[in-house]
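Examination of the molecular architecture
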Amino acid sequence: MTARALACVLLFGWLCQAAQAREYRYSDAHLHYVDFFQESEGMPALIKAMDAAGVEQSMISGIPVAKKWHEDEPKRPRYYAGDDADAYWYSATDTYVAAALQQLPSDQRKRFHPFLSGFNPVDKNAVSHIERMLDLYPGLWQGIGEVFTRHDDLTALTSGDTPRANNEAMTRIYHLAAERDLPVLLHSNITSKRERNPLYLAEIEEPLRNHPHTRFIWAHAGSSMEIHRHQKQMDFLLPVLTRLLEDYPNLYVDLSWSVLQPYLLDEQGAPRKEWLALVEKYPERFMLGSDVVGRFGSLGEQMHGFKPFLDALPESVAHKVARENFLAVLPKARH
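Residues numbered from 1 in each chain as written. Predicted model: local features only at pLDDT ≥ 70, side-chain atom pairs only at ≥ 80, totals over all residues. Heavy atoms only, no water.

**What about the overall build of the protein chain?**
In terms of helices and strands, the protein chain carries 15 helices and ten strands. In terms of overall size, the protein chain behaves like a compact globule, its C-alpha atoms giving a radius of gyration of 20 Å where 335 residues would be expected to give roughly 20 Å. Across its three principal directions, the C-alpha atoms of the protein chain cover 75 × 50 × 45 Å. For the protein chain, buried positions account for 56% of its 335 residues. By sequence separation, contacts in the protein chain at least 24 residues apart represent 80% of the contacts at least 6 residues apart. Summed over its atoms, the accessible surface of the protein chain is roughly 15200 Å², and 50% of this surface lies on carbon and sulfur atoms. One finds the centroid of the 36 positive side-chain charges in the protein chain at a distance of 3 Å from the centroid of its 44 negative side-chain charges. (Helix = DSSP H or I, 4+ residues; strand = E, 2+ residues; numbered from the N terminus. Rg over C-alpha atoms; globule rule 2.2 N^0.38 Å. Buried < 20%, exposed > 50% of the residue type's maximum accessible area, 1.4 Å probe, protein only. Contact = heavy atoms within 4.5 Å. Areas by Shrake-Rupley, 256 points an atom, 1.4 Å probe, with all protein chains shown as cover. Lys, Arg positive; Asp, Glu negative; His and termini not counted. Charge placed at Lys NZ, Arg CZ, Asp CG, Glu CD.)

**With respect to the side chain of Ser61**
For Ser61, the position within the fold is in the loop between β2 (55-60) and β3 (65-67). Using a relative accessible area of 0% as the deciding quantity, one classes Ser61 as buried. At 3.3 Å, the side chain of Ser61 and the side chain of His32 are in polar contact. Sequence-distant contacts of Ser61, that is, excluding residues within four places in its chain, are made with Leu31, His32, Tyr33, Val34, Val97, Phe115, Ser117, Gly145 and Glu146. (Polar contact = N/O pair within 3.5 Å; in protein donor to acceptor, adjacent residues only side chain to side chain.)

**Quick word on the nonpolar core**
The nonpolar side chains of a soluble globular protein tend to be buried with one another. Judged by nonpolar contacts, the single largest core of 93 residues is most densely connected at Leu46, Leu241, Trp275, Phe286, Leu299 and Leu310. Excluding its chain neighbours within four sequence positions, the residues that come into contact with Leu310 are Arg22, Tyr24, Tyr26, Leu288, Ala318, Val321 and Ala322. Residues Ala29, Phe115, Leu185 and Met287 belong to the second largest nonpolar core, which totals twelve residues. (Core = buried A, V, L, I, M, F, W, Y, C linked by side-chain atoms within 4.5 Å.)

**Describing the packing of aromatic side chains**
Two numbers describe a pair of aromatic rings. These are the distance of the centres and the angle of the planes. Applying the stated criterion across every chain, the model contains nine aromatic pairs. Consider the rings of Tyr33 and Phe296, whose centres lie 6.4 Å apart with planes at 20°: the pair is stacked. One end of the pair, Tyr33, is in the loop between β1 (26-28) and α2 (43-53); the other, Phe296, is in the loop between β10 (286-287) and α13 (299-304), and 263 residues separate them in sequence. The burial state of Tyr33 is the same as that of Phe296; both residues are buried. A centroid spacing of 6.3 Å and a plane angle of 25° characterise the contact between Phe36 and Phe148, whose relative ring orientation is stacked. (Phe/Tyr/Trp six-rings, centres within 6.5 Å; stacked < 30°, edge-to-face > 60°.)

**What about α2?**
Count 3.6 residues to each turn of an α-helix, and residues three or four apart come out pointing the same way. For α2, every residue scored as buried is listed here: Met43, Leu46, Ile47, Ala49, Met50 and Ala53. Viewed along the axis of α2, the buried residues span an arc of 160°, placing them on a single side of the element. In α2, the exposed residues that point more than 90 degrees away from the buried face are Pro44, Lys48 and Ala52. On the buried face of α2, the contacting elements are β1, β2, α3 (93-102), α4 (106-109), β5 (112-116) and α13. Residue Gly54 follows α2 closely and has a positive phi angle near 75°. (Arc of directions from axis to C-beta.)

**Description of the sheet that holds strand β8 (residues 216-219)**
With parallel pairing, eight strands are arranged side by side in an open sheet as β1-β2-β5-β6-β7-β8-β9-β10. Strand pairing shows two members of the sheet lacking a second neighbour, β1 and β10, which therefore form its edges. Across the sheet, α3 touches β2 and β5, and the angle it forms with β5 is around 160°. (Pairing = 2+ DSSP bridges. Axes fitted to C-alpha atoms, helices over the stretch in contact; angles between N-to-C directions.)

**Digging into the pattern of salt bridges**
Applying the stated criterion across every chain yields a total of 17 salt bridges. For Asp311, the salt bridge goes to Lys307, with nearest N and O atoms at 3.0 Å. A residue pair is termed a helical-turn pair when its members lie 3 or 4 positions apart in one helix, as Asp311 and Lys307 do in helix α14 (residues 307-312) at four residues. Among the charged side chains, a salt-bridge network with shared partners connects Asp153, Lys193, Glu226 and Arg229. (Salt bridge = Lys/Arg side-chain N within 4 Å of Asp/Glu carboxyl O.)

**Thoughts on the side chain of Ser58**
Here Ser58 shows up in strand β2. For Ser58, the residues in contact, after removing those within four places along its chain, are Asp28, Leu31, Met50, Arg111, Phe112, His113 and Phe326.

**Structural notes on the confidence of the model for the protein chain**
In low-pLDDT segments, the atomic positions of the prediction should not be examined closely. Model confidence for the protein chain is summarised by a mean pLDDT of 92, while 93% of its residues fall at 70 or above. Within the model, pLDDT remains below 50 along residues 7-12, and this stretch shows one contact once partners closer than five positions in the same chain are excluded. (pLDDT = per-residue confidence, 0-100.)

**Re the pairing of strand β9 (residues 251-254)**
Side-chain alternation along β9 places Leu251 and Val253 on one buried face and Tyr252 and Asp254 on a second face that is also buried. Pairing analysis gives four bridges linking β8 to β9, with the strands arranged parallel. Paired with Phe216 across the two strands is Leu251, which belongs to β9. For β9 and β10, the ladder comprises two bridges, and the chain directions are parallel. Bridging from a neighbouring strand, Val253 pairs with Phe286 of β10.

Structural data, given as structure tokens:
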């Protein structure tokens, strides 16, 4: 081995060790305090899980729908997809989140950033509910979401009209979000389970274009595990996302679990170079989320799953993605 080759090997080894030695403190940009039955393990379990995982700060929201246990079903479902019974919009979820936070001591309460989610996104009255909640709990709410629009089978199961991110009811909410300086976390699938094209792209792009003063966090970058079951990987996702980030500076991306694989990491668990390059190009536009739902035992597993990808980024960028970018998008951080 030549001296130059040996030097390269030693440098590579040193870089690997340096990456492995990194320690991350996380902000969780996507966490649900309750599940689809509006139940939760509670704040002590959540705080314990956060401490164990190195999560210093967390977005926290309810779930905007409740799953019905139908009269004809002999067994209570465990998830919204457990049977064919409906789900329905459930506004009390916000009060559960508010009550849980108000019981915490102030030092713990400061770790949480509550988002309002308990409204029907196809009801033009929804903006009035949000205004009432902002007035009822002054200074508490720091964002809106997760708003469920296109959301796999949940869309079909939820009573009422199909929710879209670009309908008139949501337009009113985006105006309010801009007025109150609140980011909006949107779940809007980029396509259906079987269409191998960005079928619903306009539903997310129209709000980005029409509301430049509203900060949008796109949950899972428009992906979902249900889509992956049918078409494994959307080849169009990366080029579409690249264009949207270039065209719309008000777009931020939540990289929670359905983006991790098969996009950020390949089948062997190695970071994909093209996704690393995208995050490096827009180092302040990506954030991590656990997307845990009322049960918090997997929070650490979800957050630490991103470590191979973070370690492959420049260290300053990795810390932004792991912690700083979510905090920077919140209203208090921008004043």
